[in-house]
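Residue-level structural notes
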Amino acid sequence: MTFATVRYGTNDGVATVTLNRPEKLNAFTAEMHADLRAALDAAEQDAAVRCVLVTGEGRGFSAGQDLTEVRPPGPGGEIDVGARLESDYNPLVKRLYAFPKLTIAALNGPAAGAAANIAMACDIVIAARSAYIQEAFARIALVPDAGGTWFLPRIIGQKRALALMLTADQVKADELREMGLVYRVFDDAAFADEAAAFARRLAAGPGATYRLIKEAARASVDNDLGAQLDFERDQQRKAGKTRDFLEGVMAFKEKRPPKFEGR
Ligand code: LHQ
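Residues numbered from 1 in each chain as written. Predicted model: local features only at pLDDT ≥ 70, side-chain atom pairs only at ≥ 80, totals over all residues. Heavy atoms only, no water.

Quick notes on the overall build of the protein
Summing up its helical and strand segments, the protein has ten helices and nine strands in all. For 263 residues, the compact-globule formula gives about 18 Å, and the C-alpha radius of gyration of the protein, at 19 Å, lands near that figure. Seen along its three principal axes, the alpha-carbon backbone of the protein occupies a region of about 65 × 45 × 40 Å. In the protein, which comprises 263 residues, the proportion classed as buried is 45%. Restricting the contact set of the protein to residue pairs at least 6 apart, pairs at least 24 apart contribute 68%. (Helix = DSSP H or I, 4+ residues; strand = E, 2+ residues; numbered from the N terminus. Rg over C-alpha atoms; globule rule 2.2 N^0.38 Å. Buried < 20%, exposed > 50% of the residue type's maximum accessible area, 1.4 Å probe, protein only. Contact = heavy atoms within 4.5 Å.)

Laid out in structure tokens, this is it:
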């Protein structure tokens with residue numbers, strides 16, 4: 001499957017979605033949003049895909065919104081910066097956050113502006129050592145969008161989140177890992193292989209249960225302990241009915257690695 005601004009390929013249960021405008025650090029255009037939507041549709045519909053790896057072509061993950069892409073002014077001649085959020089970014093962030101399969105953002109290089117926040121909407125963020133995140137918005141007098149003001153305080157705490165958003169500093173992968181935003185950092189030279197291996201490992205896991213785990217983690221954001229315990233019980237009942245649970249217990253008893261089917 002080919003798109004003008006996104007590469008899409010599947011292998012070993014992993015759909016790799018590569019943002020592909022390297023000459024512009026993979027900055028997002030309306031076309032790239034449309035291509036990304038189509039790639040996510042393909043990954044969602046393909047039963048063989050259990051994990052989606054989002055990464056960037058070339059030396060960057062993505063520089064966020066393409067600042068040269070001019071939106072036609074509204075009827076009064078004014079430019080509505082919120083329109084692009086409404087039409088493209090907000091649906092994308094909500095979709096990634098609730099995506100029914102595992103999503104991994106693999107930061108091969110800089111993730112700036114909205115791209116940093118799109119990465120945070122994925123389940124796990126991994127990074128090449130030279131990669132960095134930059135909440136670049138304030139540098140152009142904009143507010144962090146694409147979920148940045150929601151994700152960051154929850155992941156790294158209010159104080160650090162505000163500092164990152166107000167200074168627009170570049171924060172490198174090792175520091176992001178210390179903050180809990182990035183899960184694993186790999187050397188640049190090995191990054192593509194390590195990211196693919198990491199995704200393959202998760203694609204071989206119990207996909208249906210992963211989905212239940214995701215839903216529970218997401219639900220905890222709004223739940224008190226009692227409500228979350230109830231939610232866990234209900235999710236566990238569903239997990240207990242999966243074929244993978246039977247296989248997991250059987251494999252444990254037989255002292256062999258489980259062979260999960262993802263259902
Ligand atoms: C770019 C971009 C870019 C176009 C690099 N656009 N060409 C949502 C809704 C509606 C409106 C507004 O915004 C949003 C959300 C947002 O995402 S706003 C934030 C947008 N992003 C930024 O402000 C980051 C802009 N980029 C940078 O600050 C730098 O490129 C960083 C620090 C990320 C990387 O710097 P370098 O490694 O030095 O690379 P570079 O700046 O030389 O970029 C390479 C090329 O990519 C260059 O093109 P050129 O033709 O001159 O070689 C850049 O112009 C182009 N590029 N970002 N966002």
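Examining the sheet that holds strand β3 (residues 51-56)
Spatially, β1-β2-β3-β4-β6-β9 is the arrangement adopted by the six strands of the open sheet, whose pairing is mixed. The two strands at the open ends of the sheet, each matched to only one other strand, are β1 (6-11) and β9 (184-186). Here the strands of the sheet are splayed against their neighbours by 20 degrees on average, with no regard to which way each runs. Bridging between strand β6 (residues 124-128) and β9 involves three bridges; their strand directions are parallel. Along β9, the bridge assignment pairs A127 with V185. (Pairing = 2+ DSSP bridges. Axes fitted to C-alpha atoms, helices over the stretch in contact; angles between N-to-C directions.)

Quick look at the nonpolar core
Counting residues in hydrophobic clusters, the biggest one holds 52 residues, and the most contacted among them are Y8, F28, V52, L107 and L181. Sort the elements by how many residues they give to this core and helix α3 (residues 114-121) lands first, with seven residues. Contact partners of Y8, with chain neighbours within four places excluded, come to M1, F3, A15, T16, V17, A39, A42, A43 and V49. (Core = buried A, V, L, I, M, F, W, Y, C linked by side-chain atoms within 4.5 Å.)

Here's the deal with the layout of surface pockets
The calculated volume of the largest pocket comes to roughly 700 Å³. If you trace the largest pocket, you find 31 residues lining it, with Q65, D66, L67, I140 and L142 closest to the centre. Elements with a minimum of two residues in the lining of the largest pocket: α2 (81-97), β5 (111-112) and β7 (132-134). Here the lining of the largest pocket is composed, by residue class, of 18 nonpolar, six polar and seven charged. (1 Å grid on protein atoms, 1.4 Å probe; cavity = no way out; pocket = protein on both sides within 12 Å on 5 of 7 lines; lining within 4 Å. Points joined across faces, edges and corners; volume = space filled by probe spheres on them. Nonpolar A, V, L, I, M, F, W, Y, C, P; charged D, E, K, R; others polar.)

Comments concerning helix α9 (residues 225-239)
An ideal rise of 1.5 Å per residue puts 21 Å on 15 residues; α9 measures up with 20 Å between its terminal C-alpha atoms. Among the residues of α9, Q228, Q235 and A239 are the ones counted as buried. For α9, the buried positions fall inside an angular range of 45 degrees around the axis, keeping them on one side. Those residues of α9 that are buried are in contact with α8 (207-220) and α10 (243-253). (Expected span 1.5 Å × (residues − 1). Arc of directions from axis to C-beta.)

Side note on the site of the ligand
What surrounds the ligand is a group of 24 residues, the closest being K24, A63, Q65, L67 and R139. In this structure, K24 approaches the ligand through a side-chain N or O atom, which is 2.8 Å from an oxygen atom. The contact in question runs from an oxygen atom of the ligand to an N or O atom on the side chain of R59, over 2.9 Å. Notes on the ligand: free accessible area 1,000 Å², of which the protein chains cover 70%. The site holding the ligand turns out to be the largest pocket. (Near = heavy atom within 4 Å. Polar contact = N/O pair within 3.5 Å; in protein donor to acceptor, adjacent residues only side chain to side chain. Areas by Shrake-Rupley, 256 points an atom, 1.4 Å probe, with all protein chains shown as cover. Sits in = over half its atoms within 2 Å of the grid points.)

Examining the domain arrangement of the protein
Its domain assignment divides the protein into domain 1 (6-203) and domain 2 (207-254). Here domain 1 and domain 2 have C-alpha centroids that lie 27 Å from each other. Contacts between the two partners involve 13 residues from domain 1 and, on the opposite side, five residues from domain 2. Where domain 1 abuts domain 2, roughly 770 Å² becomes buried across the two surfaces, and 52% of that area is made up of carbon and sulfur atoms. (Domains from an automatic or database assignment. Buried area = accessible area lost by both parts, 1.4 Å probe.)

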